[in-house]
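Reading the structure
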Amino acid sequence: MKRFGPLLCALGAVLLWLSSRMTWVTAHSEDDKSGPATNDIVGATWSLELTAVALVLLAGAVAALAVPPLARRIIGIICAVAAAIAAWQPINLLLYGADNEQAQHLLSAAKDNDKAVDAASISDWAVVTETAVSHAGPFIALVGATAAIVGGVMVAVNPGTRRGSTDDAKYKTPAARQEQLPEDLAEDPDSERVMWDALDSGIDPTDLPQER
């Protein structure tokens, strides 16, 4: 269960990245010089934070498996907040549709972006007359964001046991584990780890008196 939260965050990251490559909006425009045109706007263009949030979630999922409980709690909160931010645009698009002005702004700005060679674009004098939403992309993004929110909350609420507990005994030095051995034998004498520690210390756990 402790790994289920990070796995949900990783799943959310994959779904957000996949959605960012899909078409979210199809815009129809009129250009006095070149005539009518139809352009597809992908998720990464319509929702600029999508890719960044996917990277944050992926990094958080990996880090949550390696850091101490307090850090895991903080990472869980960050992942949940980031996923909630990523969910805003898909929800808005699915509920209210695409705005013509926003589509025109994104398509007009794309032509000035040297890195977006393959991005859809229109000229400054073209006018977007109609937009249509492709629901698959925003829906997948919403599912991914929801999974990441749940995963982040799970990590934050249940970050794991403290250092020094039986579950984290493997991180202790041999001397520290031997010092705590009497307490471990009393609390959990059937633990395989405790039994091996006892044998390493020259103690036969089967000879210990049993509580009645």
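In this text, all values refer to a predicted model and were calculated from it rather than measured experimentally.

Helix and strand counts for the chain come out as nine helices and three strands. The order of helices and strands in the chain, counted from the N terminus, is α-β-β-α-α-α-α-β-α-α-α-α. Taking all 212 residues of the chain together, 36% fall into the buried category. In the chain, the share of contacts with a sequence separation of at least 24, taken over all contacts with a separation of at least 6, comes to 66%. On the chain, roughly 12600 Å² of surface is accessible, and the fraction owed to carbon and sulfur atoms is 61%.

Here Ser-108 shows up in helix H5 (residues 100–110). You can call Ser-108 buried: its relative accessible area is 15%.

A separate point is helix H3 (residues 50–63). Across its 14 residues, H3 extends 20 Å between first and last C-alpha, which sits within 8% of the 20 Å expected from 1.5 Å per residue. Check the buried side of H3 and you find it contacts helix H1 (4–20), strand S1 (23–30), helix H2 (43–46), helix H4 (69–96) and helix H6 (136–157).

Moving on to the nonpolar core. Leu-16, Trp-24, Val-25, Ile-41, Trp-46 and Leu-57 are the most contacted members of the largest nonpolar core, which has 30 residues in total. Going through the elements one at a time, H1, S1, H3, H4, H5 and H6 are the ones with two or more residues in this core. A total of six residues in this core trace back to one element, the largest contributor, which is H4. Other than its neighbours up to four places away in sequence, Trp-46 contacts Trp-24, Val-25, Ile-41, Gln-89, Leu-93, Ala-98, Asp-99, Gln-102, Ala-103 and Leu-106.

Turning to the UniProt feature "transmembrane region" (unreviewed entry) in the chain, a few remarks are in order. As recorded in UniProt, the feature "transmembrane region" (unreviewed entry) lies at residues 45–67, 74–91 and 139–157. Helix makes up 100% of residues 139–157 and strand 0%, with an end-to-end C-alpha separation of 27 Å.

Moving on: the packing of aromatic side chains. Evaluation of the coordinates by the stated rule reveals zero aromatic pairs. Here the guanidinium or amino end of Lys-33 rests over the ring plane of Trp-125, the centre of that ring lying 4.3 Å away.

All right, on to a nonpolar patch on the surface then. On the surface, Val-56, Leu-70, Ile-74 and Ile-78 cluster together to form a nonpolar patch covering roughly 370 Å² of accessible area. Considering every element that reaches the nonpolar patch, the biggest residue donor is H4, with three residues. In this structure, Ile-78 sits in helix H4. With relative accessibility at 47%, the residue Ile-78 sits in the partly exposed group.

About the cut-offs
Residues numbered from 1 in each chain as written. Predicted model: local features only at pLDDT ≥ 70, side-chain atom pairs only at ≥ 80, totals over all residues. Heavy atoms only, no water. Helix = DSSP H or I, 4+ residues; strand = E, 2+ residues; numbered from the N terminus. Buried < 20%, exposed > 50% of the residue type's maximum accessible area, 1.4 Å probe, protein only. Contact = heavy atoms within 4.5 Å. Areas by Shrake-Rupley, 256 points an atom, 1.4 Å probe, with all protein chains shown as cover. Expected span 1.5 Å × (residues − 1). Core = buried A, V, L, I, M, F, W, Y, C linked by side-chain atoms within 4.5 Å. UniProt positions renumbered as here; feature names shortened; annotations may be inferred. Phe/Tyr/Trp six-rings, centres within 6.5 Å; stacked < 30°, edge-to-face > 60°. Lys NZ or Arg CZ within 6 Å of the ring centre and 35° of its normal. Patch = residues over 30% accessible without salt bridge, like charges linked within 9 Å, V, L, I, M, F, W, Y side chains within 5 Å. Salt bridge = Lys/Arg side-chain N within 4 Å of Asp/Glu carboxyl O.

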